[in-house]
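Spelled out, the chains give:
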Amino acid sequence: EPQNWLSHGRTYSEEHYSPLASINAVNVQQLGLAWYLDLPGRKGIEAIPLVVDGIMYTTGLWNEILALDAVSGNVLWRYDPHIDKTVARFGCCGAVNRGPAVWKGRIYTGLLDGRLLAVDAVTGKPVWEVQTTDPAQPYTITGAPRIINGKVIIGNGGAEFGVRGYVTAYDAETGAQVWRFYTVPGNPALGFESDAMAMAAKTWNGEWWLAGGGGTAWDSFAYDPELNLLYIGTGNGTPWVREIRSPGGGDNLFLSSIIAVNADTGAYVWHYQTTPGENWDFTATQPMILADLEIGGAMRKVLMQAPKNGFFYVLDRATGELLSAEKIVPINWASHVDMASGRPVEIEENLYTEEARLVTPGPHGAHDWQPMSYSPLTGLVYIPAHEMWWVYSRLADYRYQQGLMNHAQNPWAPAPPEASERLMNGKGYLLAWDPVKARSVWRIDGGRGWNGGVLTTAGNLLIQGHADGRLVIAAADSGKLLWELPIQTGAVAGPMTYAVAGEQYIAIAAGWAGAVNMMGGGMGEIHHTDSRILVFKLGGQASLPPPAAPEPMPEPPPLTASGETVALGARLYGPVCGSCHGFDVISGGSVKDLRYMQPATHAAFKDIVLGGIMQDIGMGSFANVFNDQQVEAIHAYIIKRAHDTYVKLGD
């Protein structure tokens, strides 16, 4: 049904390609805004809307589900699942959601607090819900469910915070659990759930299960109906540092892996590990695409992925055989992938210890969760790639703490002299990649990076939201710019397209979100605008209101604390507060920039951090983490950073 967009990537193959061509490279200059819907708040939007027979279904802030008239944008119904907003502290990169699933008159979505919810598509009334995680553990759900053979497939997140990853299938009609596949082994003394877990346990050492292990499947799935195989992309370990996580080494299956399981039973079939012994937060949760390609003179059923580690992989999706693996960006952690073993050849001099190493890509990856697209017309894969560096250095005195960021990195280790310039000057581009010849064909400059997901169409269109606040359309065959429009905020979600009564529309949910804006500390663009859904058509005449004026920075209170207190505050702030408010107190805009606190907020600072008086907006109490003196030190550090910026602006 080309007029509809029925699943996250439109089809089971997750191509993010549409056969619609009414809007095309010839007439796209006539494209205009048909309608828009502002969403309250600035928490960021990563959802891809779905459209079924003229009705758009999507998720907004705090997992609100919306049904909209896809022609007019009129709201048909809203459903607020009333999640516990304090769980936002366990989301590495914001209180986001990548959208719903639809099946037989119901809408399904995973909630940040670990619930899976089914609501009636006509009324928005809840039908069933199930708690997919242990509420006592720091799990979250940010990914979109998939519906396969009458089952709802959902994973979870929280690896850094100390959980054990798994994927579960639930009966779409009743919510009953059908099967569960764990992605890393648990405590051997308790027995293993499957032969796959017994096999994986042989690649681990020490007592990894005490910290959960990680390996969460927080985003990527694909499905082959002919093979009846579900493909799962898995994440990083807990903590990142492999010598701490698994003393004595080991590949640590199934971290950073692509796993094929039987879709009906969850039984293991094959796996390919992109980064054995994962050490850099190089997840393989990035989107996968299924296609049939002629390779070496024969048609092959392939799976393609560009995970964080910087290589583009083409696998035989029936067997897991590696067909190619080439770099999409410059990298310095590995020289190449050995085709005989399928393993990356690591560059030993850049394997960090307590001594810092400047590595690319960093934890933001060469490509993250933003969807890439494959066009069967051009034979190209379009990747929202970026070149970003990171200073890695392991803590000498690391101690696991459930519910806090357990990456075991030492941000205070002396960094190489070129680190600051490299960190703050990332580079992004939209890369057109030939998966058969395993090489880049051309690319479009994308500024500092962290641009949005990609859509291609049969109209020779290549569509992407940019971090700088534009929606951009290029020719898919050449990369030539065809059309662009300022949309007033960074767009990271993937665009989609649909048709109603024969008229085609292009839609995108825009709202600056993700790791770079949450914790990047000025590494990316900064937007202080609300999130919105924007829909375009040929001849559209709607227009956006003028953007709001930037918030003025109030004069910060006097800095009376000693230098030692400020330094202590900096050390305490980074690993806990920095994951939401920016590592050096520079917010990308989707959460409060603490340098801009008003006098009343400064006065209530301790009550906010320890008392949880703002838990209704997601800022829960950290009384189990900090004491009074530590909160005072953090406050002093924030005041110092506010003075640094205020003086700079005053100049």
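Here, every reference points to the structure presented above.
The shown structure was predicted, so the numbers you read here are calculated from the model rather than taken from an experiment.

What counts, and at which threshold
Residues numbered from 1 in each chain as written. Predicted model: local features only at pLDDT ≥ 70, side-chain atom pairs only at ≥ 80, totals over all residues. Heavy atoms only, no water. Helix = DSSP H or I, 4+ residues; strand = E, 2+ residues; numbered from the N terminus. Rg over C-alpha atoms; globule rule 2.2 N^0.38 Å. Buried < 20%, exposed > 50% of the residue type's maximum accessible area, 1.4 Å probe, protein only. Areas by Shrake-Rupley, 256 points an atom, 1.4 Å probe, with all protein chains shown as cover. Lys, Arg positive; Asp, Glu negative; His and termini not counted. Charge placed at Lys NZ, Arg CZ, Asp CG, Glu CD. Disulfide = S-S within 2.5 Å. Pairing = 2+ DSSP bridges. Axes fitted to C-alpha atoms, helices over the stretch in contact; angles between N-to-C directions. Phe/Tyr/Trp six-rings, centres within 6.5 Å; stacked < 30°, edge-to-face > 60°. Lys NZ or Arg CZ within 6 Å of the ring centre and 35° of its normal. 1 Å grid on protein atoms, 1.4 Å probe; cavity = no way out; pocket = protein on both sides within 12 Å on 5 of 7 lines; lining within 4 Å. Points joined across faces, edges and corners; volume = space filled by probe spheres on them. Nonpolar A, V, L, I, M, F, W, Y, C, P; charged D, E, K, R; others polar. Contact = heavy atoms within 4.5 Å. Core = buried A, V, L, I, M, F, W, Y, C linked by side-chain atoms within 4.5 Å.

Engineer: Before we go on, may I ask you to explain the overall build of the protein chain in this structure?
Structural biologist: Looking only at helices and strands, one finds nine helices and 37 strands in the protein chain. For the protein chain, whose C-alpha radius of gyration is 23 Å, the value lies close to the compact-globule estimate of 26 Å for 651 residues. Across its three principal axes, the protein chain shows a C-alpha extent of roughly 65 × 60 × 50 Å. Across the 651 residues that make up the protein chain, the buried fraction comes to 62%. As displayed, the protein chain has an accessible area near 23300 Å², and 52% of this comes from carbon and sulfur atoms. One finds the centroid of the 44 positive side-chain charges in the protein chain at a distance of 1 Å from the centroid of its 63 negative side-chain charges.

Engineer: I'm lost on the state of the cysteines in this one. Help?
Structural biologist: Any covalent bond linking the sulfur atoms of two cysteines counts as a disulfide. Under the definition given, this model contains one disulfide. This cysteine, Cys577, is not joined by any disulfide, and Cys580 carries the nearest cysteine sulfur, 9.0 Å off. Looking at Cys577, the relative accessible area reads 17%, which means it is buried. With no disulfide of its own, Cys580 lies 8.9 Å from the sulfur of Cys93, the closest cysteine sulfur.

Engineer: So what exactly am I meant to see when it comes to the sheet that holds strand 36 (residues 503-510) here?
Structural biologist: As a general point, the strands of a sheet are linked pairwise by backbone hydrogen bonds and lie either parallel or antiparallel. Pairing is antiparallel in the open sheet, where four strands are placed in the order 2-37-36-35. Each edge of the open sheet is held by one strand with a lone partner, namely strand 2 (31-39) and strand 35 (496-500). Across the sheet, the mean angle separating the axes of adjacent strands is 25° when strand polarity is ignored. Pairing between strand 36 and strand 37 (residues 531-538): five bridges, direction antiparallel. What sits directly across from Ala507, in strand 37, is Val535.

Engineer: Help me out: how do you make sense of the packing of aromatic side chains in this one?
Structural biologist: By convention here, two paired aromatic rings are described through the distance between centres and the angle between planes. Going through the model one piece at a time under the given rule, you end up with 26 aromatic pairs. A centroid spacing of 6.0 Å and a plane angle of 70° characterise the contact between Phe90 and Phe161, whose relative ring orientation is edge-to-face. Linking Phe90 in the loop between strand 6 (75-79) and strand 7 (101-103) with Phe161 in the loop between strand 12 (151-154) and strand 13 (166-171), this pair joins segments that are 71 residues apart in sequence. Comparing Phe90 with Phe161 shows no difference in burial state: the two are buried. Through a chain of ring-to-ring contacts, three or more aromatic side chains come together here, namely Tyr272, Trp280, Phe282, Phe311, Tyr313 and Trp333. Residue placement shows Arg164 over the ring face of Tyr182; its charged tip is 3.8 Å from the ring centre. A cation over a ring is seen here: Arg443 above Tyr429, with NZ or CZ 3.9 Å from the ring centre.

Engineer: What should I look at first to understand unusual backbone geometry in this one?
Structural biologist: Peptide bonds are, in most cases, trans, and in most cases residues other than glycine have a negative phi. Here the residue pair Thr238 and Pro239 is connected by a cis peptide bond, since its omega of -10° sits within 30 degrees of zero. A cis amide bond, omega -5°, links Thr360 with the succeeding residue Pro361. Tracing the chain through its elements places Pro361 in the loop between strand 25 (357-359) and strand 26 (373-375). Positive phi, normally seen in glycine, also occurs at Ser256, with a value near 45°. For Ser256, the location among the structural elements is in the loop between helix 2 (242-245) and strand 17 (257-262).

Engineer: Explain empty space enclosed by the protein here, please?
Structural biologist: Gaps left between atoms show up when a probe the size of a water molecule is rolled over them. Counting across every chain of the model gives five cavities of 30 Å³ or more. Approximately 50 Å³ is the volume found for the largest cavity. Surrounding the largest cavity, 13 residues form its lining, Gly143, Ile154, Gly155, Ala217 and Trp218 being those nearest its centre. Considered class by class, the residues forming the lining of the largest cavity number six nonpolar, six polar and one charged. In this structure, the second largest cavity occupies an estimated 50 Å³ of space. Every residue along the wall of the second largest cavity is listed here: His8, Glu14, Arg146, Asp219, Ser220, Phe221, Pro287 and Met288. Tallied by class, the residues present in the lining of the second largest cavity amount to three nonpolar, two polar and three charged.

Engineer: Mind showing me how you'd approach the environment of Arg422 here?
Structural biologist: Here Arg422 lies in helix 3 (residues 419-424). A relative accessible area of 35% places Arg422 in the partly exposed class. Between the C-alpha atom of Arg422 and that of Val359, which follows or precedes it by 63 residues, the distance is 10.0 Å. Excluding anything up to four places from it in sequence, Arg422 contacts Leu358 and Trp389.

Engineer: Whenever I open this one, the pairing of strand 6 confuses me. Can you help?
Structural biologist: When a strand is regular, its side chains alternate between the sheet's two faces. Inspection of the sheet shows strand 5 (residues 65-69) paired to strand 6 by four bridges, in the antiparallel sense. From the neighbouring strand, Ile65 faces strand 6, where its bridge partner is Tyr79. Taking the residues that link successive antiparallel strands as the turn, the strand 5-strand 6 hairpin has five residues, and the phi of Gly73 there is positive, at about 85°.

Engineer: How should I be thinking about the pairing of strand 20 (residues 298-305) in this particular structure?
Structural biologist: Judged from the eight bridges that link them, strand 19 (residues 288-295) and strand 20 form a sheet pairing that is antiparallel. Opposite Leu290, over in strand 20, you have Leu303 as the bridge partner. Between strand 19 and the antiparallel strand that follows it, strand 20, lie two residues; Gly296 among them carries a positive phi value of about 65°. Where strand 20 meets strand 21 (residues 311-316), four bridges bridge the pair, whose relative direction is antiparallel. Bridge pairing links Met304 to Val314 in strand 21. Linking two consecutive strands that pair antiparallel, namely strand 20 and strand 21, is a turn of five residues; a positive phi of about 105° is found at Gly310 within it.

Engineer: What is the right way to look at the layout of surface pockets in this model?
Structural biologist: In this structure, the second largest pocket occupies an estimated 970 Å³ of space. Surrounding the second largest pocket, 45 residues form its lining, Lys43, His581, Val591, Lys592 and Met619 being those nearest its centre. Among the residues forming the lining of the second largest pocket, the class breakdown is 26 nonpolar, 11 polar and eight charged.

Engineer: Could you clarify how one ought to interpret the sheet that holds strand 7 in this entry?
Structural biologist: Taken in spatial order, the four strands make up an open sheet running 7-8-9-10, and their pairing is antiparallel. Because the sheet does not close on itself, it has two edges, and the strands there are strand 7 and strand 10 (126-131). Between one strand and the next, the sheet's axes are offset by a mean angle of 20°, whatever the strand orientation. For strand 7 and strand 8 (residues 106-110), the ladder comprises three bridges, and the chain directions are antiparallel. Looking at strand 8, one finds that Val102 is bridged to Ile107.

Engineer: So what exactly am I meant to see when it comes to the nonpolar core here?
Structural biologist: One broad rule of soluble globular proteins: the nonpolar side chains tend to lie buried together. Core analysis: the largest hydrophobic core is formed by 124 residues, its most contacted members being Met56, Tyr231, Met304, Phe312, Ile328, Ile383 and Tyr498. If we ignore the near neighbours within four places in the chain, the residues touching Tyr498 are Gln3, Leu20, Trp35, Val51, Met56, Ala70, Glu503, Gln504, Tyr505, Ala507 and Val535. In terms of nonpolar packing, the next biggest core, distinct from the first, is built from 23 residues, Tyr166, Tyr182, Met197 and Leu230 among them.

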